[in-house]
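# A closer look at the structure
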Amino acid sequence: MCYIKGEAIQKATLLALFLNCQSHYFRSPELKPVLRSDYQPPAFWIDEVTLEFDLSPRGTLVTASLSLRRNDDRPNLPLELVGEKLDLKSIAIDGTQLAPDRYEIADGNLVIRDVPDAFNLQTQVSIDPVDNKSLYGLYQSSGNYCTQCEAMGFRRITYFLDRPDVLARYTVTLRADPISCPVMLSNGNRIAERTLDDGRREVVWQDPFPKPSYLFALVAGDLRCHPGKFVTCGGREVQLEIWVEPENIDCCEHALRSLQKSMLWDEQTFGLEYDLDIYMIVAVNDFNMGAMENKGLNVFNSKYVLASPETATDDDYLHVEAVIAHEYFHNWTGNRVTCRDWFQLTLKEGLTVFRDQQFTADQTSAAVKRIDDVVTLRSRQWPEDAGPMAHPIRPESYISMDNFYTATVYDKGAEIIRIYHTLLGADGFRRGMDLYFERHDGDAVTCDDFRAAMADANNMSFELLDRWYSQPGTPTLTVSSTWDDELNQFHLEFAQSYPSLSNEIPGATGRKPVPIPIDMGLIAPDGKSLPIVLSDGQTAQRIDGNSAVLLLDTETSSYTFTGMTERPTASVLRGLSAPVALQMERSNEELAFLMAHDGDSFNRWDAGQTLATNLILKLADCVK
Ligand code: SER
Ligand code: ZN
């Protein structure tokens, strides 16, 4: 699980996703899809969780106490807690041990039929961190204990309602031998520490913010700290700690600075202030993928933390900064407001990728960053969207959620967030974000809630945007232009369509036109950009002097531009203002002209790419 950008998707993942999408071919009782339409709120809520870990490589004891409360909307249901690879040692309700006939364990899950409306459940399980080669749940690797719980790893730690809409406050006690585990970390603030009679150390952590189980984290081992500080806009001093293996302690300064920059940027751009007194990042060598935004205790693959001038390239430095920012930004878009169910993954990932893209654009060159992101989108997401694994950014079903950490959910998801930003401008987008947090801080919500906040904050309707969430495939935008010599008018015709996908892919049939913002400008023959003047009765979403955003939300539409005396050259889809493939007849002369004069750096680059491709193909033709 992870921030997958730039990561090769593992073959196993590809295969599993393929099976997922093709599940109708391979139906078997084990491969039962979970459907988005089947969502039901949980039958119980969990308010408080206390966890005690007696850490031991082959037999860690996890003692859990959960304060449970029946959800009045779903009466008369038994308590069903999920668990995987857990060895149950004891179980009690309100301090009374349960006889074996009071509960059952079915398919690994714990079912208790007769329970009060509110009660405390205590369980003790034994788990084997060394044997845990999946790297989900609690595992030990290179001598250190580490967890990864997104999406469904927490069920490998204790019996739980392991779903993102169950938010609880956690207090976590860690006990271990101080020689092998001098450092013991978990979410929130460290509230107590002592040496036990048997010589072991005990550390207690408390996270005051309710969180879903996928944000739980524990790290213990022989680690060193690279410390720093950040003073928030509210004047609070936050302790920053980068934890690494001893030999890496000299490679952390860039990560620390990246974190400080991210914290400042989120305050300045979105008014979002960090909320705990401490923020920790742990770098581990053995980690499934990129990094993980556990509350107050991020866990990273060390390649996204460690950087030193002797070994790291410029790109490495940029990646570290971007991934640190990405995980930090999740504190608000993901943690404070989280997903109601896993179908909503793009709610937090698309939005957070978009935020990290904007951050990098502000720190470096916006044009170069946009070019980089579009190269990634076109080379990784577009093939995914055109093949047998195509899926909408908000899938309708899954067999294994772990397979949906895809370029589509992340990178196309970020493009859809960019559409709101393009339509609303930075101020309108900020108004939408403010309303989103005002309405949903502390909640588990859906992509529809985000869309509603963006729309309501700006008195707009974004109903048609829903199609971007439910339709797979990359639309094609076909553009043609004509010049009326008599009236001195320039016409642009737009048409959108979807290339066909296999009918077996959910959502592939009956796709409707999507709202496509077309950022554009017109360039006079002398290379100067022209003011945008639309003929009477035509409106743009936005006009900003020499550039405009047109909105195509039907199959076709056309626009007429006036106020010029010679045929201009159109620059359309500036900055790739929507994740669509542009089809437009342009001569090499026109492309060379755009490459020289387009006011949009991205389109200047793109024209150069198309021109170069045309020339290479022409040369190749000559060889035949
Ligand atoms: N949520 C983590 C990330 O994207 C891992 O999936 O950074
Ligand atoms: Zn993420």
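The paragraphs below set out a description of the structure included in this document. (Residues numbered from 1 in each chain as written. Chains lettered and ligands numbered in written order. Predicted model: local features only at pLDDT ≥ 70, side-chain atom pairs only at ≥ 80, totals over all residues. Heavy atoms only, no water.)

In this section: the sheet that holds strand 4 (residues 79–81). Strands sit in the order 4-8-7 across an open sheet of 3 strands; the sheet is antiparallel. Of all the strands in the sheet, just strand 4 and strand 7 (103–106) have a single pairing partner and so form its edges. Between one strand axis and the next, the sheet turns by 20 degrees as a mean value, whatever way the strands run. Summarising the sheet, strand 7 and strand 8 (residues 109–112) pair through 4 bridges and their orientation is antiparallel. Its bridge partner lying in strand 8, Ile105 is registered against Leu110. (Pairing = 2+ DSSP bridges. Helix = DSSP H or I, 4+ residues; strand = E, 2+ residues; numbered from the N terminus. Axes fitted to C-alpha atoms, helices over the stretch in contact; angles between N-to-C directions.)

A separate point is the coordination of the zinc ion (ligand 2). Bound to the zinc ion (ligand 2) are the protein donor atoms His326 (NE2), His330 (NE2) and Glu349 (OE), situated 1.9 to 2.1 Å from the metal. Of note, the zinc ion (ligand 2) draws all its donor residues from one chain, in the sequence arrangement H-x3-H-x18-E. Of the two residues, His326 is situated in helix 3 (residues 314–329) and Glu349 in helix 4 (residues 345–363); the sequence distance between them amounts to 23 residues. Accessibility assignment for this pair places His326 and Glu349 in one class, buried. (Donors = N, O, S within 2.8 Å, 3.2 Å for Na, K, Ca; no water. Buried < 20%, exposed > 50% of the residue type's maximum accessible area, 1.4 Å probe, protein only.)

Of the voids in this model, the largest pocket is the one considered here, and its volume is about 1500 Å³. In terms of residue class, the lining of the largest pocket is made up of 26 nonpolar, 5 polar and 15 charged. Each pocket or cavity is described by its volume, and for the second largest pocket that value is around 730 Å³. Taken together, 33 residues line the second largest pocket, and the ones lying closest to its centre are Gln358, Arg418, His421, Thr422 and Asp519. Those elements giving two or more residues to the lining of the second largest pocket turn out to be helix 2 (253–270), helix 4, helix 5 (366–386), helix 6 (407–440), strand 29 (542–544), strand 30 (547–552) and helix 10 (601–623). The greatest single-element share of the lining of the second largest pocket, amounting to 7 residues, is contributed by helix 6. Across the lining of the second largest pocket, the residue classes tally to 12 nonpolar, 10 polar and 11 charged. (1 Å grid on protein atoms, 1.4 Å probe; cavity = no way out; pocket = protein on both sides within 12 Å on 5 of 7 lines; lining within 4 Å. Points joined across faces, edges and corners; volume = space filled by probe spheres on them. Nonpolar A, V, L, I, M, F, W, Y, C, P; charged D, E, K, R; others polar.)

Turning our attention to the pairing of strand 14 (residues 189–195). Relative to strand 15 (residues 201–211), strand 14 is paired through 6 bridges, and the arrangement is antiparallel. Among the inter-strand pairings, Asn189 is bridged to a residue of strand 15, identified as Gln206. Hairpin remark: strand 14 followed by strand 15, antiparallel, with 5 residues in the connecting loop; positive phi at Gly199, about 95 degrees.

Let us look at the side chain of Asp385. Summarising the element assignment, Asp385 is placed in helix 5. Classification of Asp385 as buried rests on a relative accessible area of 1%. For Asp385, the side chain forms a polar contact with the side chain of Thr474, separated by 3.3 Å. (Polar contact = N/O pair within 3.5 Å; in protein donor to acceptor, adjacent residues only side chain to side chain.)

With that settled, the discussion passes to the packing of aromatic side chains. Per the stated rule, a full pass over the model turns up 28 aromatic pairs. On the numbers, 6.2 Å between centres and 80 degrees between planes, the contact of Phe44 with Phe119 is edge-to-face. Residue Phe44 is found in strand 2 (residues 44–54), and its partner Phe119 is found in strand 9 (residues 118–127); the two are separated by 75 residues along the sequence. Here the two residues Phe44 and Phe119 agree in accessibility, since each one is buried. Between the aromatic rings of Trp265 and Phe359, the centroid separation amounts to 5.8 Å while the plane-to-plane angle is 80 degrees, which identifies the pairing as edge-to-face. With Trp265 in helix 2 and Phe359 in helix 4, this residue pair connects regions lying 94 residues apart in the sequence. The class of Trp265 is buried, set by a relative accessible area of 6%. A network of ring pairs unites the aromatic residues Trp265, Phe270, Tyr274, Tyr279, Tyr328, Phe329, Phe354, Phe359 and Phe429 as a single cluster. A cation over a ring is seen here: Lys295 above Phe209, with NZ or CZ 4.4 Å from the ring centre. Sitting above the plane of the Tyr39 ring, Arg340 keeps its charged end 3.7 Å from the centroid. (Phe/Tyr/Trp six-rings, centres within 6.5 Å; stacked < 30°, edge-to-face > 60°. Lys NZ or Arg CZ within 6 Å of the ring centre and 35° of its normal.)

Turning our attention to the nonpolar core. In this structure, Phe53, Phe450 and Phe561 are the most contacted members of the largest nonpolar core, which totals 169 residues. Of the residues forming this core, the biggest block, 14 residues, is contributed by helix 6. Ile523, Leu591, Phe593 and Leu594 belong to the second largest nonpolar core, which has 6 residues in total. (Core = buried A, V, L, I, M, F, W, Y, C linked by side-chain atoms within 4.5 Å.)

Our next topic: a negative patch on the surface. A grouping of Asp314, Asp315, Asp316 and Asp372 is seen on the molecular surface, where their side chains present a negatively charged patch. At 3 residues, the largest contribution of residues to the negative patch is made by helix 3. Mapped onto the fold, Asp315 is located in helix 3. Of the residues examined, Asp315 reaches a relative accessible area of 48% and is grouped as partly exposed. (Patch = residues over 30% accessible without salt bridge, like charges linked within 9 Å, V, L, I, M, F, W, Y side chains within 5 Å. Areas by Shrake-Rupley, 256 points an atom, 1.4 Å probe, with all protein chains shown as cover. Salt bridge = Lys/Arg side-chain N within 4 Å of Asp/Glu carboxyl O. Lys, Arg positive; Asp, Glu negative; His and termini not counted. Charge placed at Lys NZ, Arg CZ, Asp CG, Glu CD.)

In this section: the state of the cysteines. For the structure shown, the criterion picks out 0 disulfides. For the unlinked cysteine Cys181, the closest cysteine sulfur is that of Cys146, found at 12 Å. Free of any disulfide, Cys251 has its nearest neighbouring cysteine sulfur in Cys252, separated by 6.6 Å. Taking the relative accessible area as the measure of exposure, Cys251 reaches 17% and is therefore buried. (Disulfide = S-S within 2.5 Å.)

As a further point, take unusual backbone geometry. Omega for the bond connecting Glu150 with Ala151 falls within 30 degrees of zero, at 0 degrees, which places this linkage in the cis form. Here Ala151 shows up in the loop between strand 11 (144–148) and strand 12 (168–176). Of note, the phi angle at Ser142 is positive, near 50 degrees, even though the residue is not glycine. Relative to the helices and strands, Ser142 resides in the loop between strand 10 (137–141) and strand 11.

Its location among the elements puts Thr352 in helix 4. Among residues more than four places away in sequence, those in contact with Thr352 are His326, Phe329, His330 and Thr333. (Contact = heavy atoms within 4.5 Å.)

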